[in-house]
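# Structural characterization, general
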Amino acid sequence: MLAPTILTGAIVLTGCAFYGLITHRHMIRLVICLNILDSAVLLVIVLLGYEPDAAAPIVRQADLQYVLGLPHALSLTAIVISACTTALMLGYAVRVHRLRGTVYVDRLTRWRG
Amino acid sequence: MRRTLALLISGSIVALGVTTLMLTGTLSDAIRPVDYTLRTVRDTGAINAVTAILFDYRALDTLGEATVIFAASSVLAFLAPRSSASMLSVRLSMLILYGIAFLLPFIMVFGFGTIVFGHVSPGGGFTGGVMLSSSVVIFAVVYSVGGQQSYVLPILVKKYVENAAMFVFVSLGFIGLFSGGAYLANALTGIPLGEPGSLLSGGLIPLLNIATGFKVGMGLALIIISLFAE
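Being a predicted model, the structure only gives us computed values, none of them experimental.

## Some words on the overall build of chain B
A tally of regular secondary structure across chain B gives eight helices and zero strands. Of all 230 residues assigned to chain B, the portion counted as buried reaches 42%. Put simply, 73% of the contacts in chain B that link residues at least 6 apart link residues at least 24 apart. Accessible surface, chain B: about 11700 Å² in total, of which carbon and sulfur atoms supply 74%.

Dropping the structure here:
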């Protein structure tokens, strides 16, 4: 019962992220929406290795049922990459704000100079 | 207009996803973890399967991941130059100053412990590195108020530590290459794996953990400090 609930949650999060990506024009809000999309993907990845009543994959006894460790490792990779891309996007927003004086994407199309 | 369009698109995404979910059932019916986890202990000597996958089976992926952090911190140090911390002109109260001074050693010890015990307990290089970077960032935020930059660990020190940790990671990989195995090979190189569950086990994994921990900690601290010291 837990798995379909979490999957539905991930789908709803995806919908929220797309709604935000379409409606907002502020760069930092766009970054936040991309982060929400990342979290939805991570939920699905972690759920791939989910097993009811299984322990975390730290083997202290041999006869226990453990969840699959590979999705956890992959989600760790995804978290690190998403943190780095978030930092890069924020740095880009800082740069754009300094050069153009705005962080609204639709005001960046005007030429200046 | 745009909101209606957005509602339409995101609503159709949700509807499509939920119908697919109801038609196909759950995902976990398809996948049965076999004795994969027990095999990781035999192969690598580390009882934490996630760390075993990250630093043994997929160590090359982890090297790529570390390179991503390295590239991000380098680009950010270039993109957002650290001139002066104008954002940090708020006076903090005495309570915060002394409370953080009390808490910081615990945060750092917990971070180091998570790194060093990464192969026998939950944690690992990345998690512990994030804790270390959080301690560096808290230190910078709390004690560099009013532009007192001298309290912050110099940027160059962070850069040197990060580069040295990256170098250690890359050169640890050559051990496997020189002993006739693959790059970053662990058990094949003849390194004693030790008894699973003890601190000195897992061959190269603890060393790689420590290198990754320093690398991630200093890299993330560099990223965040380049962002707020703008």
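## Concerning the packing of helix α2 (residues 36-44) of chain B against helix α3 (residues 49-57) of chain B
Residues and elements named next belong to chain B. Look at α2 against α3: their axes get within 10 Å of each other, and the N-to-C directions meet at 55 degrees. Judged by the angle between their axes, α2 and α3 are oblique. Relative to α3, α2 is oriented so that their crossing is left-handed. Contact residues: Tyr36, Thr37, Arg39, Thr40, Asp43 and Thr44 in α2; Ala49, Ala52, Ile53, Asp56 and Tyr57 in α3.

## Structural notes on the side chain of Glu65 of chain B
Tracing the chain through its elements places Glu65 of chain B in helix α4 (residues 59-79). As a buried residue without a salt bridge, Glu65 of chain B has its nearest oppositely charged side chain in Arg58 of chain B, at a separation of 9.3 Å. Among the polar contacts made by the side chain of Glu65 of chain B, one reaches the side chain of Thr77 of chain A at a distance of 3.3 Å. Not counting residues within four places of it along the chain, the set of residues in contact with Glu65 of chain B comprises Leu76, Thr77, Val80 and Ile81 of chain A together with Leu54 and Phe126 of chain B.

## Description of unusual backbone geometry
Most of the time, phi is negative for any residue but glycine, and the peptide bond is trans. Residue and element names in this part refer to chain B. The phi dihedral of Leu184 falls on the positive side, at around 65 degrees, and the residue is not glycine. The residue Leu184 is located in the loop between α7 (155-178) and α8 (205-228) in this model. Accessibility expressed as a relative area gives 4% for Leu184, which makes it buried.

## As for the packing of α3 of chain B against α4 of chain B
Residue and element names in this part refer to chain B. Running from N to C, α3 and α4 cross one another at 85 degrees; their axes reach a closest spacing of 4 Å. Considering the angle they form, α3 stands roughly perpendicular to α4. Seen from α3, the contacting residues are Ile53, Leu54, Phe55, Asp56 and Tyr57; seen from α4, they are Ala59, Thr62 and Glu65.

## Overview of the environment of Gly111 of chain B
All names here are of chain B. Relative to the helices and strands, Gly111 resides in helix α5 (residues 94-116). It is 7.8 Å that separates the C-alpha atoms of Gly111 and Thr127, two residues lying 16 residues apart in sequence. Excluding residues that lie within four positions of it along the chain, Gly111 makes contacts with Gly128 and Met131.

## Focus on the pattern of salt bridges
All names here are of chain B. With the rule as written, the count across this model stands at four salt bridges over all chains. Across the salt bridge formed by Asp43 and Arg39, the nearest N and O atoms sit 3.4 Å from each other. Here Arg39 and Asp43 lie together in helix α2, a separation of four residues that amounts to about one turn. When its relative accessible area of 28% is taken as the criterion, Asp43 is described as partly exposed. Arg58 is the partner of Asp61 in a salt bridge, and the nearest nitrogen-oxygen pair spans 3.2 Å. Arg58 sits in the partly exposed class, given a relative accessible area of 35%. Within the structure, one salt-bridge network assembled from shared partners comprises Lys159, Glu162 and Lys215.

## Observations concerning the packing of aromatic side chains
By the definition in use, this model includes five aromatic pairs over all chains. Arranged with centres 6.4 Å apart and planes meeting at 25 degrees, the rings of Phe55 of chain B and Phe126 of chain B form a pair that is stacked. With Phe55 of chain B in helix α3 and Phe126 of chain B in helix α6 (residues 125-143), the pair connects residues that are 71 residues apart, well separated along the chain. Taken individually, Phe55 of chain B and Phe126 of chain B each receive the classification buried, so the pair is uniform in this respect. Ring geometry for Phe174 of chain B versus Tyr183 of chain B: centroids 5.3 Å apart, planes at 75 degrees, classification edge-to-face. The class for Phe174 of chain B is partly exposed, based on a relative accessible area of 34%. Note on Tyr183 of chain B: relative accessible area 26%, which makes it partly exposed. One aromatic cluster is present, built from ring pairs that chain together Phe174, Phe178 and Tyr183 of chain B. A cation over an aromatic ring shows up here: Arg107 of chain A above the ring of Tyr104 of chain A, its NZ or CZ 4.5 Å from the ring centre. The cationic tip of Lys159 of chain B hangs over the ring face of Phe70 of chain B; the distance from NZ or CZ to the ring centre is 5.4 Å.

## Some points on the interface of chain B and chain A
With 43 residues of chain B at the contact, the number on the chain A side is 43 residues. Regarding the contact of chain B and chain A, the summed buried area is about 4100 Å², with carbon and sulfur atoms giving 77% of it. Inspection of the chain B/chain A interface yields zero salt bridges. Elements represented by at least two residues in the side of chain B that touches chain A include exactly α1 (2-24), α2, α3, α4 and α8 of chain B. Residue contributions to the side of chain B that touches chain A peak at 11 residues, all from α1 of chain B. Here the residues of the side of chain B that touches chain A sort into 30 nonpolar, seven polar and six charged.

Calculation criteria
- Residues numbered from 1 in each chain as written.
- Chains lettered and ligands numbered in written order.
- Predicted model: local features only at pLDDT ≥ 70, side-chain atom pairs only at ≥ 80, totals over all residues.
- Heavy atoms only, no water.
- Helix = DSSP H or I, 4+ residues; strand = E, 2+ residues; numbered from the N terminus.
- Buried < 20%, exposed > 50% of the residue type's maximum accessible area, 1.4 Å probe, protein only.
- Contact = heavy atoms within 4.5 Å.
- Areas by Shrake-Rupley, 256 points an atom, 1.4 Å probe, with all protein chains shown as cover.
- Axes fitted to C-alpha atoms, helices over the stretch in contact; angles between N-to-C directions.
- Parallel < 35°, antiparallel > 145°, perpendicular 65-115°, else oblique.
- Left-handed = near helix turned anticlockwise from the far one by under 90°.
- Lys, Arg positive; Asp, Glu negative; His and termini not counted.
- Salt bridge = Lys/Arg side-chain N within 4 Å of Asp/Glu carboxyl O.
- Polar contact = N/O pair within 3.5 Å; in protein donor to acceptor, adjacent residues only side chain to side chain.
- Phe/Tyr/Trp six-rings, centres within 6.5 Å; stacked < 30°, edge-to-face > 60°.
- Lys NZ or Arg CZ within 6 Å of the ring centre and 35° of its normal.
- Buried area = accessible area lost by both parts, 1.4 Å probe.
- Nonpolar A, V, L, I, M, F, W, Y, C, P; charged D, E, K, R; others polar.

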